[in-house]
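Structure at a glance
Now for the letters of each chain:
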Amino acid sequence: MDSKWIIETNGLGKVFDEVEVIKDCSMHVKQGTIYGFLGMNGAGKTTVFKMLTSLLTPTSGTAKVMGIDITSRSNEVLRNIGSIIETPIFHEHLSAAENLRVHLAYMNKENVDIDKTLEMVGLSSMNTKPVSTFSLGMRQRLGIARAIIHQPKLLILDEPLNGLDPMGIREMRDLFLSLVKNKGMTILISSHILTDIEQIADTIGIIANGRIIDEVSMAQIKSKTSNDSLEEYFFQKMKEELEYA
Ligand SMILES: Nc1ncnc2c1ncn2[C@@H]1O[C@H](COP(=O)(O)OP(=O)(O)OP(=O)(O)O)[C@@H](O)[C@H]1O
Ligand SMILES: [Mg+2]
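What counts, and at which threshold
Residues numbered from 1 in each chain as written. Chains lettered and ligands numbered in written order. Predicted model: local features only at pLDDT ≥ 70, side-chain atom pairs only at ≥ 80, totals over all residues. Heavy atoms only, no water. Near = heavy atom within 4 Å. Areas by Shrake-Rupley, 256 points an atom, 1.4 Å probe, with all protein chains shown as cover. Helix = DSSP H or I, 4+ residues; strand = E, 2+ residues; numbered from the N terminus. Nonpolar A, V, L, I, M, F, W, Y, C, P; charged D, E, K, R; others polar. Buried < 20%, exposed > 50% of the residue type's maximum accessible area, 1.4 Å probe, protein only. Arc of directions from axis to C-beta. Contact = heavy atoms within 4.5 Å. Axes fitted to C-alpha atoms, helices over the stretch in contact; angles between N-to-C directions. Parallel < 35°, antiparallel > 145°, perpendicular 65-115°, else oblique. Salt bridge = Lys/Arg side-chain N within 4 Å of Asp/Glu carboxyl O. Left-handed = near helix turned anticlockwise from the far one by under 90°.

Attention shifts here to the site of ligand 1. Neighbouring ligand 1 are 13 residues, the closest being Gly-42, Gly-44, Lys-45, Thr-46 and Thr-47. Coverage of ligand 1 by the protein amounts to 61% of the 640 Å² it exposes when considered alone. Among the elements that line the shell around ligand 1, the one with the most residues is helix H1 (residues 45-52), at 3 residues. Its residues assigned to classes, the shell around ligand 1 shows 4 nonpolar, 6 polar and 3 charged.

Because each turn of an α-helix spans 3.6 residues, side chains separated by three or four positions in sequence point in the same direction. Restricting attention to buried positions, one finds in helix H3 (residues 96-106) the residues Ala-96, Ala-97, Asn-99, Leu-100, His-103 and Leu-104. On an axial view of H3, the arc spanned by its buried residues comes to 160°, and they lie on one face. Exposed residues pointing more than 90 degrees away from the buried face of H3 are listed as Ala-105 and Tyr-106. Taken together, the buried residues of H3 touch helix H4 (114-120) and helix H5 (136-148). Following H3 by one or two positions, Asn-108 has its phi on the positive side, about 65°.

Here the focus is the environment of Ile-70. Inspection of the secondary structure assignment puts Ile-70 in the loop between strand S6 (68-69) and helix H2 (75-79). When near neighbours in sequence (up to four residues on either side) are disregarded, Ile-70 contacts Met-51, Leu-52, Ser-54, Pro-58, Ala-63 and Val-65.

Here we come to the environment of Ile-68. One can find Ile-68 in strand S6. In the structure, Ile-68 is positioned 60 residues away from Glu-8 in sequence and 9.7 Å away in space, judged by C-alpha atoms. Here Ile-68 is in contact with Ala-63, Ser-74 and Val-77, once residues within four sequence places are set aside.

Okay, the packing of H5 against helix H6 (residues 166-183) next. Running from N to C, H5 and H6 cross one another at 5°; their axes reach a closest spacing of 12 Å. Taken together, H5 and H6 sit at an angle that is classed as roughly parallel. The residues of H6 that touch H5, namely those facing Arg-141, Ile-144 and Ile-148, are Gly-168, Glu-171, Met-172, Leu-175, Phe-176 and Leu-179. Taken together, the residues of the contact of H5 with H6 break down into 6 nonpolar, 1 polar and 2 charged.

Time to look at the pattern of salt bridges. A pair can form between side chains of opposite charge whenever their charged atoms are brought close. Tallying each qualifying case throughout the model produces 8 salt bridges. For Asp-165, the salt bridge identified is with Arg-141, shortest N-O distance 3.6 Å. Of this pair, Asp-165 sits in the loop between strand S8 (154-158) and H6 while Arg-141 sits in helix H5; the two residues are 24 residues apart in sequence, bridging distant segments of the chain. Between Glu-241 and Arg-211 there is a salt bridge, with its nearest N and O atoms 3.5 Å apart. Of the two residues, Glu-241 sits in helix H9 (residues 230-244) while Arg-211 sits in strand S11 (residues 211-217), which places them 30 residues apart along the sequence.

With that settled, consider the environment of Asp-17. With respect to the helices, strands and loops of the structure, Asp-17 is situated in the loop between strand S1 (5-16) and strand S2 (19-25). Judged by relative accessible area, which is 74%, Asp-17 ranks as exposed. Through-space distance from the C-alpha of Asp-17 to that of Tyr-106 is 33 Å; in sequence the pair is 89 residues apart.

The next thing to look at is the packing of H3 against H5. The geometry of H3 relative to H5 is characterised by a closest axis approach of 10 Å and an angle of 30° between their N-to-C directions. When the axes of H3 and H5 are compared, the pair comes out roughly parallel. By crossing handedness, the relation of H3 to H5 is classed as right-handed. In contact with Ala-96, Asn-99, Leu-100 and His-103 of H3, H5 contributes Leu-142, Ala-145 and Arg-146.

Here's what the structure looks like:
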């Protein structure tokens, strides 16, 4: 891969039932950084994430992940992505560790420390209960474990902090930062909790009505707002968008 962009989309579009849900979406995610993807309900975040992970086929435009066109559905690329998209689905009758074992077999990975990964996300490796008994937060933690356990180069996390308690949110923020710093991963993350994104993101992308309306560094946002606030910046952009529409 020559480019510094681990994700690069150009004029990406998606039509559902003759409605253009994603329009001319151009985004640029730099390797080794955290990119916070923001937008109101229905703006198109999950749809973009699904196209990037080959769960949906774009209607127009191009997207490259690790330099490879996503429509090629390259196994090499897909093996190097870890993702949580909407609500993670598990084998309900299996334990957390067994779910991870199934995932690793599917990913063709061996010699991975399952217990260590469970502990990294705050789940006990001693818990052999089936996932059907898990709370929302425990399921989310297991989803994060599954996204990271095969040590992908790129994490695509759609609202991964949903349902976590305050301690869990802090632990996951620290985990994401350490994965980038110590394992060289790149993270594309969406969340409606702007204070969480503010604390970890290097770059912010804002999507409104299916269009990327802004791509800006967190440092620039801090220099542009009176109280260094991503929330203030985001509301200002949404206001401009409404006036423009
Ligand atoms: N399979 C589908 N068929 C038809 N329309 C869809 C489909 N999936 C998504 N949409 C529409 O696409 C638009 C974008 O939805 P998407 O789920 O990508 O938004 P989002 O930004 O992830 O929102 P949220 O913050 O609520 O998760 C919405 O108008 C939604 O109704
Ligand atoms: Mg969504």
